[in-house]
Amino acid sequence: MFPHPLYQLPKHFQMGSGGPYSGGGPPTLRRIPSHPLSRPRAPSTLLPSMLMFGVILASCGLLLMIERGILADVKTPPPRGDLAWRSHNRGEVQRAEDPDYEILRDIRNRTLSVVCGQKNVARSPWDLPVGQRRTLLRHIIVNDKYRFLYCYVPKVACSNWKRVLKVLDGHLENVDVKLKMDHKSDLTFLSDFSPDEVTYRLRHYYKFLFVREPMERLLSAYRNKFGEIKEYQQRYGLEIVRRYREKPGASQGEDVTFSEFLRYLLDEDVEKMNEHWMPIYNLCQPCAVTYDFIGSYERLKEDANTVLEAINAPPYIQFPERQAWYKPVTKETLHYFLCNTPRGVIRELLPKYILDFSLFAYALPNITSEYCRN
């Protein structure tokens, strides 16, 4: 199904009973333990297996374009959220497009259309299992004054967006106030409302989210949480070192390697992941919520301005610049970490994040020997 061995599902992912070719139920993925030292990995509950099957089919066009080099030099990020297959338009600001931008938007729109059109896909939060619905509603911030909903994704400029929301509500004087961001206080979440109130806001408010290249987001979370925050080193780092290092020694979790972190993600149940590395699909459920705009981290300033215009924010409110202390993940940094990670680990991890790659039109990571030699 996939055009290149690099993009194939790991061999120990096998189709279970049933499926479209056997006349039974939807296809299932079962994992055969591949390493005698690792504990049995919990089966991924990323989404119903039929949806996984559908997105793999929908991704073939994207993978073929990657394989043939069509998108190799594309510099623009995923397109805006004015999805052609949606039935309504919020009057977004029209901007000059370029061919690469159009290609990416077309890929995303087609993939979203196919995946979200699958028979068993939840088309509203009330169709989701309780746990998934709870995660979704807890990640959508509500602003009743300007009538919009923002699904925040950690490591995708969500701290700066929360600053903007607090300024809009009058809880902050301006977006440049120097203080540690409190991610809960002075914010209202969709989970705070009754079902009828939730339904009303989903139907009538402007809805947006921002996305980021999946591996870059994981690397950003790894560097930040394990390199700077002791709480994460103790809560997650110690367990990762104990589980995946033959000789943990006196490690306090501060020296977790990127490879160890990715191996930990392989064994984690997606539904129970920490929000900083849970797939964007699971956080914001773009099939269950009809987002009016999907911006990207790569076009942060431009897309943020589009949102501010769409919600009629006062002109004096500008999206904040990056904090001086922030160290962005560069293309070279990502290249270094990916190429120094066992290729099999990355290949096995891709199915857990395939929806983020496919729905938001991000090319799969290039970890070929030739690329890494450069």
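In this convention, every chain numbers its residues from 1, walking through the sequence in written order. Under the rules for a predicted model, residues below a pLDDT of 70 receive no local features and side-chain atom pairs below 80 are neither given nor counted, while totals for whole chains, interfaces and linings still include all residues. Only hydrogens and water are set aside when side-chain values are computed; all heavy atoms of the structure are taken into account.

Looking at an unreviewed UniProt entry, the chain carries the name Carbohydrate sulfotransferase, with the source organism given as Staurois parvus. UniProt positions are given in the numbering used here, feature names are shortened, and annotations may be inferred rather than shown by experiment. Regarding the chain, the relevant UniProt record gives this comment under Sequence similarities (unreviewed entry): "Belongs to the sulfotransferase 2 family." Its UniProt record, at the heading Subcellular location (unreviewed entry), says of the chain: "Golgi apparatus membrane".

What follows deals with the pairing of strand 7 (residues 293-296). What you see with strand 7 is no split at all: Phe293 and Gly295 on one side and Ile294 and Ser296 on the other are buried throughout. Judged from the 4 bridges that link them, strand 6 (residues 206-211) and strand 7 form a sheet pairing that is parallel. Within strand 7, the position partnered with Phe208 by the bridge is Phe293. Buried residues are those whose accessible area, probed at 1.4 Å on protein chains only, stays under 20% of the maximum for their type, while exposed residues exceed 50% and partly exposed ones sit between those limits. Numbering of helices and strands runs from the N terminus, with a helix taken as a DSSP run of H or I at least four residues long and a strand as a DSSP run of E at least two residues long. Any two strands with at least two DSSP-identified bridges between them are counted as paired.

What follows is about the environment of Val142. Here Val142 is to be found in strand 3 (residues 140-143). Each C-alpha atom of the pair Val142 and Arg201 lies 8.5 Å from the other, and the pair is 59 residues apart in sequence. Whether two residues touch is decided by their heavy atoms; if any such pair falls within 4.5 Å, the residues are in contact. If we ignore the near neighbours within four places in the chain, the residues touching Val142 are Phe148, Leu149, Thr188, Phe189, Leu190, Phe193, Arg201 and Tyr205.

Moving on: the packing of aromatic side chains. The geometry of an aromatic ring pair comes down to the distance between the two centres and the angle between the two planes. Note on aromatic contacts: the rings of Phe and Tyr and the six-membered ring of Trp form a pair at centre separations within 6.5 Å, being stacked when their planes are under 30 degrees apart, edge-to-face when over 60 apart, and tilted otherwise. Applying the stated criterion across every chain yields a total of 25 aromatic pairs. Ring centres of Phe210 and Phe293 lie 6.2 Å apart, and the angle between their planes is 45 degrees; on these two criteria the pair is classed as tilted. You can see Phe210 sitting in strand 6 and its partner Phe293 sitting in strand 7, a full 83 residues away along the chain. Taken individually, Phe210 and Phe293 each receive the classification buried, so the pair is uniform in this respect. Summarising the aromatic geometry, the rings of Tyr236 and Tyr264 are spaced 6.4 Å apart at their centres and angled 65 degrees between planes, so their arrangement reads as edge-to-face. In this pair, Tyr236 is assigned in helix 7 (residues 230-244) and Tyr264 in helix 8 (residues 258-267), connecting sequence segments 28 residues apart. With relative accessibility at 6%, the residue Tyr264 sits in the buried group.

To continue, consider helix 10 (residues 300-310). Looking only at helix 10, the buried set comprises Leu300, Asp303, Ala304, Thr306, Val307 and Leu308. Packed against the buried residues of helix 10 are helix 4 (158-168), strand 6 and strand 7. Looking at the residues trailing helix 10, positive phi occurs at Asn312, about 60 degrees.

Moving on, we come to the sheet that holds strand 3. Strand pairing in a sheet takes place through backbone hydrogen bonds and is either antiparallel or parallel in direction. Ordered by their spatial adjacency, 5 strands build an open sheet running 5-3-4-6-7, and the pairing between neighbours is mixed. Strands with a single pairing partner mark the edges of an open sheet, and in this sheet they are strand 5 (188-189) and strand 7. Alignment of strand 4 (residues 148-151) against strand 6, held across 4 bridges, turns out to be parallel. Of the residues in strand 6, the one forming a bridge with Tyr150 is Phe208. Relative to the sheet, helix 4 contacts strand 3, strand 4 and strand 6, its axis offset from that of strand 4 by approximately 155 degrees. Only the stretch in contact is used when fitting a helix axis, every axis being a line fitted to C-alpha atoms; angles between N-to-C directions are given from 0 to 180 degrees. Across the sheet, helix 10 lies against strand 6 and strand 7, angled at about 170 degrees from strand 6, the strand it touches most.

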